[in-house]
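# Fold and geometry: a report
This is what each chain is made of:
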Amino acid sequence: MAIHIRHADESPHEASEINVTPFIDVMLVLLVIFMVTAPLTTVNVPVDLPSSTEKPTPRPDAPVFLTVKADHNLALGEDDITMDGLAAALETASRGNKNERVFLRADRTVDYGTLMGVMDRLRAAGYLKIALVNLQGREEGHAPAAAMVPSDTVSAP
């Protein structure tokens, strides 16, 4: 009587391929979600920002963006405001929280005096946490990269 030892390679071959269809479905759903939500997290006021090569700080869930445009007009979020209406608009945007960080964006052509005037108005309104926003990852005078997006660098008193 002969004893037959069965080896693993004698068994019928099973398909050992991974079914990637569910993975692709999940990735497509995530892609659609990110495509829909990404425009909602940015401010669309056109401004030519200066740049920095420093590492950005994390952005809060609902940031308050104050923009000084090239013509020295102000925008809170995407709404145009006046210098006199700045305190009231910030009170509404921050829900009365004076400790809310205000992200200050200024066009590259805005002079230092105008920027300091806006910062003085912010301090007079009680907002002492001010973050300056710039373009991340390039040095001054270099051409911007194609995928350059605004990020924030904190500079607070």
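Residues numbered from 1 in each chain as written. Predicted model: local features only at pLDDT ≥ 70, side-chain atom pairs only at ≥ 80, totals over all residues. Heavy atoms only, no water.

## Focus on the pattern of salt bridges
Going by this rule: A side-chain nitrogen of Lys or Arg and a carboxyl oxygen of Asp or Glu constitute a salt bridge if their distance falls within 4 Å. Here a helix means four or more residues in a row that DSSP labels H or I, a strand means two or more in a row labelled E, and each is numbered from the N terminus. The classification of residues rests on relative accessible area computed with a 1.4 Å probe and restricted to protein chains. Under 20% of the type maximum is buried, over 50% is exposed, and intermediate values are partly exposed.
Counting across every chain of the model gives 3 salt bridges. Of the charged contacts, one joins Arg121 and Asp84 as a salt bridge, the two residues approaching to 3.7 Å between their closest N and O atoms. With Arg121 in helix α3 (residues 112-124) and Asp84 in the loop between β4 (79-81) and α2 (86-93), the pair connects residues that are 37 residues apart, well separated along the chain. Exposure remark for Arg121: the relative accessible area of 36% places this residue in the partly exposed category. By relative accessible area, which is 68% here, Asp84 ends up exposed. Taking the shortest distance from any N to any O, the salt bridge between Asp120 and Arg123 comes out at 3.7 Å. Of this pair, Asp120 and Arg123 both sit in helix α3, 3 residues apart, which is roughly one turn of that helix. Taking relative accessible area as the criterion, Arg123 reaches 32% and is therefore assigned partly exposed.

## Notes on the pairing of strand β5 (residues 102-106)
Our working rule: Strands qualify as paired when DSSP identifies two bridges or more between them.
Burial runs high along β5: 5 of the 5 residues are buried. What you see with β5 is no split at all: Val102, Leu104 and Ala106 on one side and Phe103 and Arg105 on the other are buried throughout. Relative to β5, strand β2 (residues 64-68) is paired through 5 bridges, and the arrangement is parallel. By the bridge assignment, Val68 is partnered in β5 with Ala106.

## A short note on unusual backbone geometry
Phi is positive for His72, close to 70°, though the residue is something other than glycine. Along the chain, His72 turns up in the loop between β2 and β3 (74-76).

## Overview of the confidence of the model for the protein
Put simply, the rule reads: Every residue gets a pLDDT, meaning the predictor's confidence in that residue, from 0 to 100. In this analysis, two residues are considered to be in contact whenever any of their non-hydrogen atoms come within 4.5 Å of each other.
Averaged over all residues, the pLDDT of the protein equals 74, while 69% of them reach at least 70. Across the protein, helix α1 (residues 21-37) holds the top mean pLDDT of 90, while strand β7 (residues 150-154) sits lowest at 40. In this model residues 142-157 is a low-confidence stretch, pLDDT under 50, and it forms 38 contacts with partners more than four residues away in sequence or in other chains.

## Focus: the side chain of Thr67
The condition that has to hold: Any pair of nitrogen or oxygen atoms within 3.5 Å is treated as a polar contact; in protein, a donor-acceptor pairing is required on top of that, and neighbouring residues in sequence qualify only through side-chain atoms on both sides.
In this fold, Thr67 is placed in strand β2. At 3.2 Å, the side chain of Thr67 forms a polar contact with the side chain of Arg105. Ignoring any residue separated from it by four or fewer positions in sequence, one finds Thr67 in contact with Val45, Val47, Asn73, Leu74, Ala75 and Arg105.

## Some words on the environment of Thr109
In this structure, Thr109 sits in the loop between β5 and α3. Judged by its relative accessible area of 56%, Thr109 falls in the exposed class. Each C-alpha atom, one on Thr109 and one on Pro50, is 9.2 Å from the other, the two residues being 59 residues apart in sequence.

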